[in-house]
Each structure stands twice: as C-alpha cells, then as structure tokens.
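# Architecture at a glance
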Amino acid sequence: MVFVELFYVFALIGVTSFGGMSMVPLINAQMISHGWMTSTEVLDIVAMAEMTPGSLGFNCATFAGLRVAGILGAIVANLGVLAPTFTITCAACFFMKKFRDNRLLQEAMYGIRPVCIGLLVSTIAGMIDGTLIISGAFCWQSAVVVAAVSLLLWKTKFGIPAIIAIAAGMGLLLF
C-alpha cells in the first residue's frame, strides 16, 4: 500500500538525515527508486519547499506526499518525517525525568551549557557581518535596532512576535 511505503520512506529519511539540504539526496533516491517521481520533479519539489515557510524536510514531505497520493499522502509523509524526531524527543524526555537526580546526567548537562552558549555566540558573531557591518562599514541604524530590542527583551515581558514587530517597525523608520 502506498501510504505505508510513504510513511516508511519519510521515516527513513527523517532518521538518517540531519535536516535541511542533507535530506535532498535521500528524497531524490527514494522518489526515483519507488518510481514516484523523476529527478526533475524532485528538483521542482525541492525548489518549492525552499520557497515556502517551514523546514525543508517537512515541506518536501508535504509536496512529495501530495504528488504521490494526494492530501492523505501529504499527511502520511509528514507523519513519517516527524515520527523519528518525535519518538527520540519523547524518549529523551522520559529518561531525563527518570534520571533527573543522576549525578552523571547532571554533570553532562552542566557540561553541555557552555557548548550551547558557545554555539549561540558563534551564531551571533557570524550574523554581525551583514547586519551591523554592511559592505565593510558599521551600520549605526542596525546597532540602534539591536540595542533597543536587547533592552526590550531584558527589561520587559514582551513576546517574541511583538519584539519582531517592533524591530521591523524600527527598521522601516531608520532605513
């Protein structure tokens, strides 16, 4: 049955890839090997998935499932691509709760914190070029927006959508 195959194929893609563009060769291989699409059709689906909001894997599963078996196929393919991550997350949550007081787990979590902070700092540093420094010159307008948004996040309880709206408004005014 095509729905079982779709679920299996996208569950396999979900568990063996790391998301994003790493999924494309797997999707291509599976779509061609099952005779569901040609290589050109897969490229079209990837292009559409890149242009629409959301994760590439989820969007590809939607478009591929829709192409292969209609709306129900899209739902099944999405459930397949999400099932491995959901299962692993639930298992991690269970074990985190069960072993919350375990000294080894606490030490591992303590060690992970600086790594997460380092990843955030690295991401921020990478984003400076193109936001605060544009074409080699310091952009004071961006600095004002960054400072204002940082202050709002620190001193208020505004939600993220409100902060994004404020930053967008400031950007429109300043630029």
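A brief structural summary. On a predicted model such as this, the values are computed, not experimentally measured, just so you know.

Reading the values: rules and limits
- Residues numbered from 1 in each chain as written.
- Predicted model: local features only at pLDDT ≥ 70, side-chain atom pairs only at ≥ 80, totals over all residues.
- Heavy atoms only, no water.
- Helix = DSSP H or I, 4+ residues; strand = E, 2+ residues; numbered from the N terminus.
- Expected span 1.5 Å × (residues − 1).
- Bend = angle between axes of the 7 residues up to and from the residue.
- Axes fitted to C-alpha atoms, helices over the stretch in contact; angles between N-to-C directions.
- Parallel < 35°, antiparallel > 145°, perpendicular 65-115°, else oblique.
- Left-handed = near helix turned anticlockwise from the far one by under 90°.
- Contact = heavy atoms within 4.5 Å.
- Buried < 20%, exposed > 50% of the residue type's maximum accessible area, 1.4 Å probe, protein only.

We now examine helix H4 (residues 56-98). Each turn of an α-helix holds 3.6 residues, which means side chains three or four residues apart point in the same direction. A rise of 1.5 Å per residue sets the reference length of H4, with its 43 residues, at 63 Å; its end C-alpha atoms lie only 34 Å apart and thus fall more than 12% short of the reference. Along H4, the largest kink reaches about 145° and is centred on alanine 69.

For the pair helix H6 (residues 140-155) and helix H7 (residues 160-174), the least separation of the axes is 10 Å and the interaxial angle reads 155°. Between H6 and H7, the angle is such that the two are roughly antiparallel. For the crossing formed where H6 meets H7, the hand is right-handed. Each of Trp140, Gln141, Val144, Val145, Ala148, Val149, Leu152 and Leu153 in H6 lies in contact with H7, whose residues at this interface are Ile160, Ile163, Ile166, Ala167, Met170, Gly171 and Leu174.

Turning to unusual backbone geometry, a few remarks are in order. Positive phi outside glycine occurs at serine 135, with the angle close to 55°. Judged by its relative accessible area of 78%, serine 135 is exposed.

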